[in-house]
Number of protein chains: 2
Amino acid sequence: MTDRSHPAGKPIRTAVTDEDGIDFAIIELFFFAYRDFTSDPDQILSDYGFGRAHHRVLHFVNRRPGLTVAELLDVLKITKQSLARVLKQLIDTDHVVQLQGPRDRRQRELYPTAKGRALALALARPQSRRIHAALEDFGATERALIERFLEAMVNPELRAQIDIVPAKMSGKSHGDH
Amino acid sequence: MTDRSHPAGKPIRTAVTDEDGIDFAIIELFFFAYRDFTSDPDQILSDYGFGRAHHRVLHFVNRRPGLTVAELLDVLKITKQSLARVLKQLIDTDHVVQLQGPRDRRQRELYPTAKGRALALALARPQSRRIHAALEDFGATERALIERFLEAMVNPELRAQIDIVPAKMSGKSHGDH
DNA sequence: AAATTATGTCAGTACTATTGACGTAATTTC
DNA sequence: GAAATTACGTCAATAGTACTGACATAATTT
């Protein structure tokens, strides 16, 4: 609409580029990459009536079996109420089970069932394939570089969450406090 | 809840690892990296009452001034109705203006105003800083590698969208530092 | 016994997205 | 020139994921 009743700014016809001192190239690549990265599991999830939130819960429950609700909330950075519905659905559909904490019986330790493990793997498979394809021409050195880059993109305070993951790294056993 | 009335699966107590043939390390890194990557602009946006959807529109309007509504829908992969509200708000707040298409007057070419350009840059700044910091120890070769990786993560059919971007590669003098 | 902690749940709200339907103006086709 | 198509805008209804605040329960700690 060329009609404007209130003082509208004039159109700027030049594109922003990296010359503005901002790394638009990588910003945009990151957007496209993540959009497509999540599209594969999203499709599978819709068959189950699940969404991305279910995927995240399922992922971390499989990745750190036995984590408590509080720990999960901390990793996902969402509220208890947001988690509630999603977790309930996963439990009702027998993808996740809760066990009473052995030391503290108020706690609920979360574990995947065989069904939940299978779904988690099914969701991760296309993502892993995509990564493999993207790393096709790369060797171990380049792969390590990508990992270093991605890790550096994470907030330093939150990098601890990554290290909790079993296996993988070597001497990263800053155990529990 | 140790009580289950229906046949629930048994808890699996071992964590999934890369040994399952799946690249969980990078999958998880990608998740954390993107989560934090978007957190900076999200904070700024909330001051304006805007959300991530506004950011995306603002980004592409600044990146390809003069694109039409249809083109924008194609890039964002959302529906017209989803775009409508967001775009309207950006126009009402004088961040974006519409001009009649010169050749086809049905089309609306979208342009940023000075205000819209400023906001787009403000949103991109912390993201760019984060990228710079992550690439700190990397040279041009490593940087190119990261770009190649991210580009390879995008669906091949959709890579065309990336190339539309002006300037970009070639003798990219990603200037100072 | 009282306070705290871990979890669950209810009510209300917001944002982003969806599909379907309809209207209008401009362009293209017959 | 009339009809069909295209580009865009808008209305209504719905869903998924998130939020805040409040309150309940059981277990643990003080």
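What counts, and at which threshold
Residues numbered from 1 in each chain as written. Chains lettered and ligands numbered in written order. Predicted model: local features only at pLDDT ≥ 70, side-chain atom pairs only at ≥ 80, totals over all residues. Heavy atoms only, no water. Contact = heavy atoms within 4.5 Å. Buried area = accessible area lost by both parts, 1.4 Å probe. Salt bridge = Lys/Arg side-chain N within 4 Å of Asp/Glu carboxyl O. Helix = DSSP H or I, 4+ residues; strand = E, 2+ residues; numbered from the N terminus. Nonpolar A, V, L, I, M, F, W, Y, C, P; charged D, E, K, R; others polar. Near = heavy atom within 4 Å. Polar contact = N/O pair within 3.5 Å; in protein donor to acceptor, adjacent residues only side chain to side chain. Buried < 20%, exposed > 50% of the residue type's maximum accessible area, 1.4 Å probe, protein only. Pairing = 2+ DSSP bridges. Expected span 1.5 Å × (residues − 1). Bend = angle between axes of the 7 residues up to and from the residue. 1 Å grid on protein atoms, 1.4 Å probe; cavity = no way out; pocket = protein on both sides within 12 Å on 5 of 7 lines; lining within 4 Å. Points joined across faces, edges and corners; volume = space filled by probe spheres on them. Least-squares fit on C-alpha atoms with pLDDT ≥ 70 in both. Axes fitted to C-alpha atoms, helices over the stretch in contact; angles between N-to-C directions. pLDDT = per-residue confidence, 0-100.

Peer 1: Please set out the interface of chain A and chain B residue by residue, giving values where relevant.
Peer 2: Between chain A and chain B, the contact holds 86 residues from the first and 86 residues from the second. When the two sides are added together, the surface that chain A and chain B hide from each other amounts to roughly 8,500 Å², 67% of it contributed by carbon and sulfur. For the interface between chain A and chain B, the tally reads eight salt bridges. Linking B:Arg148 and A:Asp137 is a salt bridge whose minimum nitrogen-to-oxygen distance equals 3.8 Å. Where the side of chain A that touches chain B is concerned, the elements lending two or more residues are α1 (24-48), α2 (52-63), α3 (69-76), β2 (96-100), β3 (108-112), α5 (114-134), α6 (140-153) and α7 (159-163) of chain A. Its residues assigned to classes, the side of chain A that touches chain B comprises 46 nonpolar, 15 polar and 25 charged.

Peer 1: An account of the protein's contact with DNA strand C is needed here, citing residue identities and associated values.
Peer 2: Residues in contact with DNA strand C amount to 24 residues; listed here are only the nearest, A:Gln98, A:Arg106, B:Gly51, B:Arg56 and B:Ser82. Atoms of DNA strand C within 4 Å of the protein: sugar and phosphate make up 60%, bases the balance. Within the contact set of DNA strand C, a base oxygen lies 2.3 Å away from a side-chain nitrogen or oxygen of A:Arg106. Between DNA strand C and B:Thr79, the relevant distance is 2.8 Å, taken from a phosphate oxygen to a side-chain nitrogen or oxygen of the residue. At the level of elements, α3 and α4 (80-92) of chain A together with α2 (52-63) and α4 (80-92) of chain B are the ones that each hand at least two residues to the surface near DNA strand C.

Peer 1: Give a description of the pattern of salt bridges that names residues and reports values.
Peer 2: The final tally for this structure, using the stated rule, is 22 salt bridges over all chains. One salt-bridge network, in which partners are shared between bridges, spans A:Asp23, B:Arg143 and B:Glu147.

Peer 1: Please set out the pairing of strand β3 (residues 108-112) of chain B residue by residue, giving values where relevant.
Peer 2: All names here are of chain B. Of all five residues making up β3, four are buried, and the element is well covered by its neighbours. Examined bridge by bridge, strand β1 (residues 67-68) and β3 share two bridges and lie antiparallel to one another. Across the sheet, residue Leu67 finds its bridge partner in β3, namely Leu110.

Peer 1: Please give an account of the protein's contact with DNA strand D that cites residues and values.
Peer 2: Close contacts around DNA strand D come from 25 residues, with A:Gly51, A:Arg56, A:Ser82, B:Gln98 and B:Arg106 the closest. Here the atoms of DNA strand D within 4 Å of the protein split so that 59% fall in sugar or phosphate, with bases taking the remainder. In the model, a phosphate oxygen of DNA strand D is placed 2.6 Å from a nitrogen or oxygen of the A:Ser82 side chain. No other element matches α2(A), which puts four residues into the surface near DNA strand D.

Peer 1: Give a description of helix α5 (residues 114-134) of chain B that names residues and reports values.
Peer 2: An α-helical turn contains 3.6 residues, so any two residues separated by three or four positions project in the same direction. For α5(B), spanning 21 residues, the distance from its first C-alpha to its last is 30 Å, which sits close to the expected 30 Å at 1.5 Å a residue. Where α5(B) bends most, at B:Arg125, the angle is about 30 degrees, and the proline B:Pro126 comes one to four residues later.

Peer 1: Summarise the sheet that holds strand β1 (residues 67-68) of chain A; cite the residues concerned and give the values.
Peer 2: Residues and elements named next belong to chain A. Spatially, β1-β3-β2 is the arrangement adopted by the three strands of the open sheet, whose pairing is antiparallel. Here the strands that pair on one side only, and so sit at the sheet edges, are β1 and β2. Relative to β3, β2 runs antiparallel, the two being bridged by five bridges. Its bridge partner lying in β3, Leu99 is registered against Glu109.

Peer 1: Give a detailed account of the layout of surface pockets, specifying residues and quantitative values.
Peer 2: Empty space within the second largest pocket amounts to approximately 600 Å³. In terms of lining, the second largest pocket is formed by 23 residues, of which the most central are A:Tyr34, A:Arg52, B:Tyr34, B:Arg52 and B:Arg56. Looking at the lining of the second largest pocket, the elements with two or more residues in it are α1 and α2 of chain A together with α1 (24-48) and α2 of chain B. By residue number, the principal contributor to the lining of the second largest pocket is α1(B), which donates six residues. Here the residues of the lining of the second largest pocket are counted per class, giving nine nonpolar, four polar and ten charged.

Peer 1: Can you tell me about the relation of the copies chain A and chain B, naming the residues and giving the values?
Peer 2: You can overlay chain A on chain B at an RMSD of 0.1 Å; the transform is a turn of 180 degrees with a shift of 0.0 Å along its axis. Given the turn and translation reported, the copies of this chain are related as if by a two-fold rotation axis. Residue A:Ile146 of chain A places its C-alpha closer to the rotation axis than any other residue of that unit, at 3.2 Å. Residue by residue, 98% of the interface of chain A is reproduced at the interface of chain B, so both copies engage with the same surface.

Peer 1: With reference to specific residues and values, describe the sheet that holds β1(B).
Peer 2: Across a sheet, strands are paired by hydrogen bonds formed along the backbone, either parallel or antiparallel in direction. Residue and element names in this part refer to chain B. With antiparallel pairing, three strands are arranged side by side in an open sheet as β1-β3-β2. Pairing within the sheet leaves two strands with one partner each, and these edge strands are β1 and β2 (96-100). Set on the sheet, α2 makes contact with β1, β2 and β3; between it and β3 the angle comes to about 95 degrees.

Peer 1: Lay out the confidence of the model for chain A with the relevant residues and their values.
Peer 2: All names here are of chain A. Considering every residue of chain A, the mean pLDDT works out to 84; 88% of them sit at 70 or more. The secondary-structure element of chain A with the lowest mean pLDDT is α7, recorded at 71, while β3 shows the highest, at 95. Residue range residues 1-5 is modelled with pLDDT below 50. Its contacts to residues more than four positions away, or to other chains, number four contacts. For residues 167-177, every residue scores under 50 in pLDDT, and the model assigns this stretch eight contacts once sequence neighbours within four places are set aside.

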